[in-house]
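# Structural overview for review
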Amino acid sequence: MTIQIELRGVNKHYGSFHALKDIDLSIAEGTFVALVGPSGCGKSTLLRSLAGLEKISTGDLKIAGQQMNGVPPRKRDVAMVFQSYALYPHMTVEENLTYSLRIRGVAKAQAKKAAAEVAATTGLSHLLGRYPRELSGGQRQRVAMSRAIIRHPKAFLFDEPLSNLDAALRVHMRKEIRALHDRLHATSVYVTHDQIEAMTMADHVVVMRDGIIEQQGKPLDLYDAPVNKFVAGFIGSPAMNFIPAMVGDDGKTLALDLGTVRGILTVDRTLQPGRKITVGIRPEHIGIAEAGQGSFDVPVAVVESTGFTAFITAATTPELIVVETGRSTVRPGDMVGVRISSDQLHLFDDATGVRV
Ligand SMILES: Nc1ncnc2c1ncn2[C@@H]1O[C@H](COP(=O)(O)OP(=O)(O)OP(=O)(O)O)[C@@H](O)[C@H]1O
Ligand SMILES: [Mg+2]
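Residues numbered from 1 in each chain as written. Chains lettered and ligands numbered in written order. Predicted model: local features only at pLDDT ≥ 70, side-chain atom pairs only at ≥ 80, totals over all residues. Heavy atoms only, no water.

### Things to note about the packing of aromatic side chains
Within the structure shown, the criterion is met by 6 aromatic pairs. Centroid distance F242 to F348: 6.1 Å. Interplanar angle 70°. Geometry classified as edge-to-face. Highlighted residues: F242 in strand β11 (residues 241-247) and F348 in strand β20 (residues 346-349), separated in sequence by 106 residues. Connected via pairs of aromatic rings, a cluster forms that spans F32, F156, F158 and Y190. Directly above the aromatic system of F242 lies the positively charged group of K229, at a separation of 5.0 Å from the ring centroid. Above the ring of Y223, the side-chain terminus of R282 is found at 3.8 Å from the ring centroid. (Phe/Tyr/Trp six-rings, centres within 6.5 Å; stacked < 30°, edge-to-face > 60°. Helix = DSSP H or I, 4+ residues; strand = E, 2+ residues; numbered from the N terminus. Lys NZ or Arg CZ within 6 Å of the ring centre and 35° of its normal.)

So, in structure tokens, the structure goes:
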């Protein structure tokens, strides 16, 4: 597979602030990549560096095999789609779409034809005569995407394009963007702080924190085998539970410390006795039983039912989210048994957070 975008040892400094630290990233042609991480981790900086809107301090950046360091944005042949849409308010949808072609000298009739074709793909055909103020948020976002598509760029760069939309429209638009990506066989880099968006849309997810790439890979690989506690806690909703624990004398038992609740789990390998471990367990891997019938008992603090699933939060420190899939008669104050199977545990070094 051809590599469309390649970064090697990329660093970005804003004065004394080190915003991107030794970024290595290869994006194959046609892939949908999501950059995800908490606010301020450097996602937009990385995307803007690809677009040429930021100049990288050191390292190599190639697009379609060509060295791009120092190449101005308009010569990079990539298209950015922003959260703010950045439409021209005084131009109709059609004029917004044809503008970039017209300034490149494309004849009027040909530009109109291109606009009609793109509008047909993005469901805007009936809106070509409207002004941006006469459109809904979702329609504006479609215009912004269409304006990128009409240029046939080497890559689409999205910076949180859906964050201005309400929850239902966001879910709809993420499918639409992914379907469009598949139809156009495009290479897309998509910035979001929403891990569900990243997981559901992307072929390849890049998790960033404080300017570094913590982990990258296929969405489910990150989910199944997070390399550290940060990635483990970031990917997945509700978030993974983390329980402090100490390895017992036999090296195979973990004594869990949940405040007033103590539990023992057995692991299928040998660890150093006395070692402090953080045990990670996803809510969906914790089952519920009658008191006395599980690995240990916990008091129930909160029961949240979403209809199909009930999330039961135990009154422990740190709090433990136990999931009962299906309807539940459990109430706050009840004691319930917790079922944890040892093959679903994620173990992290207590001090470094690195997967053990
Ligand atoms: N022009 C600038 N000058 C100085 N620091 C900057 C500049 N632009 C960004 N930064 C800093 O670089 C870091 C990364 O910013 P960036 O915009 O890439 O974050 P982000 O991951 O996109 O966050 P968000 O999710 O909030 O959009 C932040 O700490 C930010 O304050
Ligand atoms: Mg940003």
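### Some thoughts on the sheet that holds β11
Strand order in the open sheet formed by 5 strands is β13-β12-β11-β14-β20, with antiparallel pairing between adjacent strands. Each edge of the open sheet carries a strand with a single partner, namely β13 (261-266) and β20. Here the strands of the sheet are splayed against their neighbours by 35° on average, with no regard to which way each runs. Pairing analysis gives 3 bridges linking β11 to strand β12 (residues 253-258), with the strands arranged antiparallel. Pairing of M246 across the sheet is with A255, part of β12. (Pairing = 2+ DSSP bridges. Axes fitted to C-alpha atoms, helices over the stretch in contact; angles between N-to-C directions.)

### Observations concerning the layout of surface pockets
Here the largest pocket is characterised by a volume of approximately 510 Å³. Around the largest pocket, the lining is made up of 21 residues, and of these V78, A79, M80, R147 and R151 lie nearest the centre. Those elements that place two or more of their residues in the lining of the largest pocket are β6 (78-82), α2 (93-102) and α4 (137-149). It is β6 that contributes the most residues to the lining of the largest pocket, 5 residues altogether. Split by residue class, the lining of the largest pocket holds 15 nonpolar, 2 polar and 4 charged. For the second largest pocket, the calculated volume is near 170 Å³. If you trace the second largest pocket, you find it lined by Q4, E29, I149, H152, P153, K154, A155, F156, L184, H185, A186 and T187. Residues that form the lining of the second largest pocket fall into these classes: 6 nonpolar, 4 polar and 2 charged. (1 Å grid on protein atoms, 1.4 Å probe; cavity = no way out; pocket = protein on both sides within 12 Å on 5 of 7 lines; lining within 4 Å. Points joined across faces, edges and corners; volume = space filled by probe spheres on them. Nonpolar A, V, L, I, M, F, W, Y, C, P; charged D, E, K, R; others polar.)

### Things to note about the packing of α4 against helix α5 (residues 167-184)
At a closest axis distance of 11 Å, the pairing of α4 and α5 adopts a crossing angle of 15°. Regarding the angle of α4 to α5, the classification is roughly parallel. Read as a crossing pair, α4 and α5 show a hand that is right-handed. Every residue of α5 that contacts α4 at G138, Q141, R142, M145 and I149 is listed here: L169, H172, M173, E176, I177, L180 and L184. Here the contact of α4 with α5 is built from residues that sort into 7 nonpolar, 3 polar and 2 charged. (Parallel < 35°, antiparallel > 145°, perpendicular 65-115°, else oblique. Left-handed = near helix turned anticlockwise from the far one by under 90°. Contact = heavy atoms within 4.5 Å.)

### As for the pairing of strand β14 (residues 276-281)
A large share of β14 lies buried, amounting to 5 of its 6 residues. Here β11 pairs with β14 via 6 bridges, running antiparallel. By the bridge assignment for β14, M246 is matched with K276. Bridging between β14 and β20 involves 4 bridges; their strand directions are antiparallel. Within the sheet, the bridge partner assigned to I277 lies in β20 and is D349. (Buried < 20%, exposed > 50% of the residue type's maximum accessible area, 1.4 Å probe, protein only.)

### Regarding the pattern of salt bridges
Scanning the model with the defined rule gives 13 salt bridges in all. One salt bridge in this structure joins K154 and D77, with 3.4 Å as the shortest N-O distance. One end of the pair, K154, is in the loop between α4 and β7 (155-159); the other, D77, is in the loop between β5 (66-67) and β6, with 77 residues separating them in the sequence. On the basis of relative accessibility, which here comes to 30%, the residue K154 falls in the partly exposed class. Residue D77 is classed as partly exposed on the basis of its relative accessible area of 26%. In this structure, the salt-bridge partner of R178 is D203, at a minimum N-O distance of 3.1 Å. (Salt bridge = Lys/Arg side-chain N within 4 Å of Asp/Glu carboxyl O.)

### Some details on the UniProt feature "domain: ABC transporter" (unreviewed entry) in the chain
In the numbering used here, UniProt assigns the feature "domain: ABC transporter" (unreviewed entry) to residues 5-235. For residues 5-235, the helix share is 36%, the strand share is 27%, and the end-to-end C-alpha distance is 25 Å. (UniProt positions renumbered as here; feature names shortened; annotations may be inferred.)

### Let's talk about the domain arrangement of the chain
Often, the extent of an interface is quoted as the loss of accessible area upon association of its parts. Taken domain by domain, the chain consists of domain 1 (3-234) and domain 2 (241-349). In this structure, domain 1 and domain 2 have C-alpha centres spaced 40 Å apart. Across the interface of domain 1 and domain 2, roughly 630 Å² is buried in total on both sides, 61% from carbon and sulfur atoms. When the area that domain 1 buries against domain 2 is broken down by residue, the three leading residues are Y223, K229 and A232, summing to 73%. Taken together, domain 1 and domain 2 are joined by 0 salt bridges. For the interface between domain 1 and domain 2, the tally reads 2 residue pairs in polar contact (both at pLDDT 80 or more). Per-element accounting of the side of domain 1 that touches domain 2 gives the leading share, 3 residues, to helix α8 (residues 229-234). By residue class, the composition of the side of domain 1 that touches domain 2 is 3 nonpolar, 2 polar and 2 charged. (Domains from an automatic or database assignment. Buried area = accessible area lost by both parts, 1.4 Å probe. Polar contact = N/O pair within 3.5 Å; in protein donor to acceptor, adjacent residues only side chain to side chain.)

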